Amino acid sequence: MNEKDSPAAAPLPVPASALRPVRGAARLAVVALALAGVAWAARAVWHIRLAMAGQPASGPPDQGDGVHRPLNALENSYHLVDSAGGAVTAVCALVFLLWLDRVRDNARALSGAEPRYQYLWLFLGWIVPVVNLWIPRGMVADVHRSVFPDRRLPAVVNWWWGLWLAGLAGGVGLIYADSTDDVIARAYTGVWPLLAADLVIVAAAGTAALMVRTLTAAQQERIDEVARTDS
């Protein structure tokens, strides 16, 4: 699965009717990514609020040995923010994958070449350890390279993937590995790693939205050429 530049394939004469619309899916993906960025920014605000409030005299929410003290109002509100953010992020992931599936289909039709990664990797590529470090980026890069083999890959693809990996390494996985009460305790005692992870993921969401717009515009350019040929 080593990433290599896709060879230039002679485009097949594809009728415009065989291509899937991409602008609507791209708009939905950009909106979903923006909402995900807002959700993570809200988490950062609550992390700051928890750090400024300081840990109550009764100690962290998880007292150990299965004992949990009653949560205060701020801690309860963080649970709500965290749950809402998780829901928004799940919807964002689904909408992003729908966009990626659509532009992959169009890239296959326009180039006449099968994608390097099969359909199953559209989902498994994000969750299978080790290969999730390069397969998602590889799928996105192939969308562009299969249609425009002579063009350089837009830099925003690498910025997006670098920020995503930095977020994973910097605390995203660790945050979700912990319970919400554990994260609250971390905000009380050491908030800076949480804030750094929040900032990186907000930036990753923003660059992902820019990447969606950039790749969609490039593919739409090719679709418009096909439509003009048909007419």
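Rules and cut-offs
Residues numbered from 1 in each chain as written. Predicted model: local features only at pLDDT ≥ 70, side-chain atom pairs only at ≥ 80, totals over all residues. Heavy atoms only, no water. Helix = DSSP H or I, 4+ residues; strand = E, 2+ residues; numbered from the N terminus. Contact = heavy atoms within 4.5 Å. Areas by Shrake-Rupley, 256 points an atom, 1.4 Å probe, with all protein chains shown as cover. Salt bridge = Lys/Arg side-chain N within 4 Å of Asp/Glu carboxyl O. Buried < 20%, exposed > 50% of the residue type's maximum accessible area, 1.4 Å probe, protein only. Axes fitted to C-alpha atoms, helices over the stretch in contact; angles between N-to-C directions. Parallel < 35°, antiparallel > 145°, perpendicular 65-115°, else oblique. Left-handed = near helix turned anticlockwise from the far one by under 90°. Nonpolar A, V, L, I, M, F, W, Y, C, P; charged D, E, K, R; others polar. Patch = residues over 30% accessible without salt bridge, like charges linked within 9 Å, V, L, I, M, F, W, Y side chains within 5 Å. Core = buried A, V, L, I, M, F, W, Y, C linked by side-chain atoms within 4.5 Å. pLDDT = per-residue confidence, 0-100. Lys, Arg positive; Asp, Glu negative; His and termini not counted. Polar contact = N/O pair within 3.5 Å; in protein donor to acceptor, adjacent residues only side chain to side chain.

(A) Broad picture of the overall build of the protein. Looking only at helices and strands, the protein features 7 helices and 2 strands. Element order for the protein, N to C, with α for helix and β for strand: α-β-β-α-α-α-α-α-α. Residue pairs at least 24 apart in sequence account for 77% of intrachain contacts in the protein once pairs closer than 6 positions are excluded. Here the protein has roughly 11900 Å² of accessible surface; of this, 66% comes from carbon and sulfur atoms.

(B) How the structure looks around the pattern of salt bridges. Under the counting rule described, the total for this entry stands at 8 salt bridges. Of the charged contacts, one joins Arg108 and Asp105 as a salt bridge, the two residues approaching to 2.7 Å between their closest N and O atoms. With Arg108 and Asp105 both in helix 2 (residues 73-111), this residue pair falls 3 residues apart, about one helical turn. In this structure Arg108 comes out as partly exposed when scored by relative accessible area, which is 30%. Asp105 sits in the partly exposed class, given a relative accessible area of 22%. Residues joined by salt bridges that share partners form a network here, namely Arg20, Asp101, Asp105 and Arg108.

(C) The arrangement of unusual backbone geometry in detail. A positive phi angle, close to 75 degrees, is found at Val130, a residue other than glycine. Here Val130 shows up in the loop between helix 3 (121-124) and helix 4 (135-147). The exposure class assigned to Val130 is exposed, which follows from its relative accessible area of 53%.

(D) Spatial organisation of the packing of helix 2 against helix 4. Between helix 2 and helix 4, the shortest axis-to-axis distance is 9 Å and the interhelical angle comes to 30 degrees. Here helix 2 lies roughly parallel to helix 4, going by the angle between them. Considering only the axes of helix 2 and helix 4, their crossing is left-handed. Contacts between helix 2 and helix 4 pair Leu100, Val103, Arg104, Ala107, Leu110 and Ser111 from the former with Met139, Val140, Val143, Ser146 and Val147 from the latter. Here the residues of the contact of helix 2 with helix 4 are counted per class, giving 8 nonpolar, 2 polar and 1 charged.

(E) Focus on a nonpolar patch on the surface. Taken together, Val130, Leu133 and Trp134 make up a surface patch of nonpolar side chains, about 270 Å² in accessible area. Secondary-structure assignment places Trp134 in the loop between helix 3 and helix 4. Judged by relative accessible area, Trp134 falls into the partly exposed class, the value being 30%.

(F) Summary view of the side chain of Glu75. Mapped onto the secondary structure, Glu75 falls in helix 2. For Glu75, the residues in contact, after removing those within four places along its chain, are Leu50, Pro56, Pro61, Arg69, Pro70, Ile184 and Tyr188.

(G) Here's a closer look at the nonpolar core. Formed by 40 residues in total, the largest nonpolar core has its most connected members in Phe96, Trp99, Leu100, Trp160, Met211 and Val212. Among the elements of the structure, helix 1 (23-53), helix 2, helix 4, helix 5 (155-177) and helix 7 (192-230) are those that each provide at least two residues to this core. Ranked by the residues each element gives to this core, the list is headed by helix 2, at 9 residues. Not counting chain neighbours up to four residues away, the residues in contact with Phe96 comprise Leu33, Trp126, Trp160, Met211 and Val212. Membership of the second largest hydrophobic core comes to 13 residues, among which are Ala44, Trp46, Val81 and Leu195.

(H) Main features of the confidence of the model for the protein. Averaged over the protein, the pLDDT score is 86; the fraction of residues at 70 or greater is 88%. The secondary structure element of the protein with the lowest average pLDDT is helix 5, at 77, and the one with the highest is helix 1, at 95. Considering only residues more than four positions removed or in separate chains, one finds that residues 1-11, a stretch of pLDDT under 50, has 23 contacts.

(I) Geometry of the side chain of Asp181. Relative to the elements of secondary structure, Asp181 occurs in helix 6 (residues 180-189). Buried Asp181, no salt bridge; nearest opposite-charge side chain is Arg69, N-O distance 7.9 Å. A polar contact is formed between the side chain of Asp181 and the side chain of His79, at a distance of 2.8 Å. Ignoring any residue separated from it by four or fewer positions in sequence, one finds Asp181 in contact with Pro61, His68, Leu71 and His79.

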